[in-house]
Amino acid sequence: MFIKGVNLGNWLVLEKWMSPALFQGTDAEDEYYLPRRLSKEVYEARIRIHRSEYITERDFAQIRALGMNMVRIPVPYFVFGDCPPFLGCTEELDKAFAWAEKYGLQILLDLHTVPGSQNGFDNGGISGVCKWAQQPENVEFALSVLTRLAERYGKRSGLYGIQILNEPNTEASWEIFNVTERYRAVDPGMAEGSAPISFGFLKEFYREAYGRLREVLPEEKAVVFHDGFDIYQWKDFFETGDLKNVVLDTHQYLMMAEMDGCEQTVEGYVTYIHEHYEKAVEEVSRYVPVICGEWCLFNSLGCGHDTKGGQSVLNGVEGTSEESLSAVQKKEIYQAVCDAQLSAWRKGNGYFYWNYKLLTDTVNEPGWIGWDAWDLGRCAANGWFTEEGGK
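These lines cover the structure that appears in this document, whether it is placed above or below. Quantities reported herein were computed from a predicted structural model and do not represent experimental measurements.

So, how was this worked out
- The residue numbers shown here count from 1 along each chain, following its written sequence.
- Predicted model: local features are reported for residues with pLDDT of at least 70 only, side-chain atom pairs are reported and counted for 80 or more only, and whole-chain, interface and lining totals are derived from all residues.
- Only heavy atoms go into the side-chain values, all of them from the structure, while hydrogens and water stay out.
- In short, DSSP must find at least two bridges between two strands for them to pair.
- By definition, any uninterrupted DSSP run of H or I lasting at least four residues is a helix, any uninterrupted run of E lasting at least two residues is a strand, and each is numbered from the N terminus.
- All axes are obtained by fitting lines to C-alpha atoms, using only the stretch in contact for helices, and the reported angles, taken between N-to-C directions, cover 0 to 180 degrees.
- We call two residues in contact whenever any of their non-hydrogen atoms come within 4.5 Å of each other.
- One less than the number of residues in a helix, times 1.5 Å, gives the span that helix is expected to have.
- Summary of the burial criterion: residues with accessible area below 20% of their type's maximum are buried, those above 50% are exposed, and those between are partly exposed, where the area comes from a 1.4 Å probe applied to protein chains only.
- Along the arc lie the directions from the helix axis toward the C-beta atoms.
- A pairing counts as a salt bridge when a side-chain nitrogen of Lys or Arg comes within 4 Å of a carboxyl oxygen of Asp or Glu.
- Should the near helix be turned anticlockwise from the far one by less than a right angle, the crossing is left-handed, and should it be turned clockwise, the crossing is right-handed.
- Pairing of aromatic side chains requires ring centres within 6.5 Å, counting the rings of Phe and Tyr and the six-membered ring of Trp. Pairs whose planes differ by under 30 degrees are stacked, by over 60 edge-to-face, and all others tilted.
- Grid points spaced at 1 Å over the protein atoms alone were grouped into cavities, where a 1.4 Å probe fits but cannot get out, and pockets, open sets with protein on both sides within 12 Å along at least five of seven lines, with lining residues defined by an atom within 4 Å of a point.
- Grid points are joined across faces, edges and corners, and a volume is the space filled by probe spheres set on the points.
- Gly is put with the polar residues, along with every residue not named as nonpolar or charged; the nonpolar set is Ala, Val, Leu, Ile, Met, Phe, Trp, Tyr, Cys and Pro, and the charged set is Asp, Glu, Lys and Arg.

### Some thoughts on the sheet that holds strand β4 (residues 159–163)
Taking strand neighbours around the barrel as the criterion, the eight strands line up as β1-β2-β3-β4-β5-β6-β7-β8 in a closed arrangement whose pairing is parallel. If you compare each strand with its neighbour and ignore which way they point, the axes differ by 25 degrees on average. Direction of pairing for strand β1 (residues 3–7) relative to strand β8 (residues 350–353): parallel, over a ladder of four bridges. Paired with G5 across the two strands is F352, which belongs to β8. Together, β7 (290–295) and β8 form the strand contacts of helix α14 (residues 327–345), whose direction differs from that of β7 by roughly 150 degrees.

Right, dumping it as structure tokens:
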């Protein structure tokens, strides 16, 4: 089956830029500090309301109507409710499986955060801290979460598979993302010693996680590995032949292409996609199924200014106050990069758009012009994204 999917980001794992109102009245920039800046009652009320309203049965019906066959659901390490002050979210996941099975969708469960963080990104739970791999107790805790997810959902017909870990920040990506500057730590003491994850450690962890998952996870359910931002790193890992029903996940964003020097023009984006994304997916797919678990249409050209690699007003990068492109121009830009990217993903086993929705007001809030390209629903409504693209 070729996967045509979308991420349900910012539902169970929060990202401030996607849902600013949740963080209103606080100086919290990430999920770790939100409950530490609100009273217990206010925090829990906000989270419960957000989860009940952000994704509902109607959304699963709409996702199916958009032509999708799968959703990727980021889940936090506190999914089972054993890490106060955070609230567990198995109740929401249980509902998601029932909705998915009703509407003919499958689910990829993605462990998106771990204690101590595997990347230092805001979406890793705590900004500026990347110490999980140095903490054996937290590594073991992540393994236990994966095992419990497999035990709870492994036999559900709606489960496609389990992704071991989202976006570990490795030697290949540490300097590019410049974590200590781009994602400033609130507590320098907590961040001290933060460092990239070595591929040696990551491969050992992946093998251990795979072994534990396979003890309880039926073989027809996939185990998914993120590439640590180096898709070419994994040939030998998968060539051993002892890993059954495994998939390699790569995340490719045009903002990362811009950080790599891609020219901010339609021609520049399309050329980069063909020369980098398409080539990589086609080559690596020879020895392991490849999916693009995160991508979107967002780019600086569509925003009307250089976003410095996808940085926003939250990072201190001023956006434009009014559109510099006509609706026709924007449609031409986004359709071109959509077609090129879909063509690249078709060299592999599928994709998941990031994201299904966001609650940022890109019309009335200054500085957010162009950020609607992260929202699949808005992209489809504007005619920027069509699943027939890339053919």
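Let us keep going from here.
### Side note on helix α9 (residues 199–216)
Taking 1.5 Å per residue, 18 residues should reach 26 Å; α9 reaches 26 Å between its end C-alpha atoms and fits that length. Among the residues making up α9, those that are buried are F199, L202, F205, Y206, A209, Y210, L213 and R214. When α9 is viewed along its axis, its buried side chains cluster within an angular range of 160 degrees and face the same direction. Exposed residues pointing more than 90 degrees away from the buried face of α9 are listed as E204 and E215.

### Observations concerning the pattern of salt bridges
Across all of its chains, the model carries 18 salt bridges by this definition. Ionic pairing is found between E181 and R184, a salt bridge with its closest N-O pair at 2.6 Å. One salt bridge in this structure joins D375 and R378, with 3.0 Å as the shortest N-O distance. Take D375: its relative accessible area is 5%, and that puts it in the buried class. Exposure remark for R378: the relative accessible area of 23% places this residue in the partly exposed category. Three or more residues are tied together by salt bridges with common partners; here these are R72, D110, D249 and E294.

### Considering the packing of helix α3 (residues 57–65) against helix α4 (residues 90–103)
At a minimum axis separation of 9 Å, α3 and α4 run at an interaxial angle of 35 degrees. For the pair α3 and α4, the sense of crossing is right-handed. Contact residues: α3 offers E57, F60, A61 and R64, while α4 offers A96, W99, A100, K102 and Y103.

### Structural notes on the packing of aromatic side chains
If you walk through the whole model with that rule in mind, you get 37 aromatic pairs. Here the aromatic rings of W17 and W371 are separated by 5.5 Å at their centres, their planes lie at 65 degrees, and the arrangement is edge-to-face. Taken together, the positions of W17 in the loop between β1 and α1 (34–37) and W371 in the loop between β8 and α15 (376–381) put the pair 354 residues apart, joining distant regions of the chain. We note that W17, like W371, is buried. Summarising the aromatic geometry, the rings of F121 and F177 are spaced 5.1 Å apart at their centres and angled 65 degrees between planes, so their arrangement reads as edge-to-face. Taken together, the positions of F121 in the loop between β3 (106–111) and α5 (136–153) and F177 in helix α6 (residues 174–177) put the pair 56 residues apart, joining distant regions of the chain. The exposure class of F177 is buried, given its relative accessible area of 8%.

### Quick word on the layout of surface pockets
Here the idea is plain: a probe the size of a water molecule rolls over the atoms and shows the empty space left. Its boundaries defined by the atoms lining it, the largest pocket holds a volume of some 600 Å³. The wall of the largest pocket is formed by 31 residues, among which W17, D122, N123, R182 and Y183 lie closest to the centre. A breakdown of the residues in the lining of the largest pocket according to their chemical character gives 14 nonpolar, eight polar and nine charged. Reported here for the second largest pocket is a volume of approximately 480 Å³. F229, Q252, M256, D260 and Y272 are the residues nearest the centre of the second largest pocket, which is lined by 21 residues in total. Elements that contribute at least two residues to the lining of the second largest pocket include exactly α6, β6 (246–251), α11 (254–259) and α12 (266–284).

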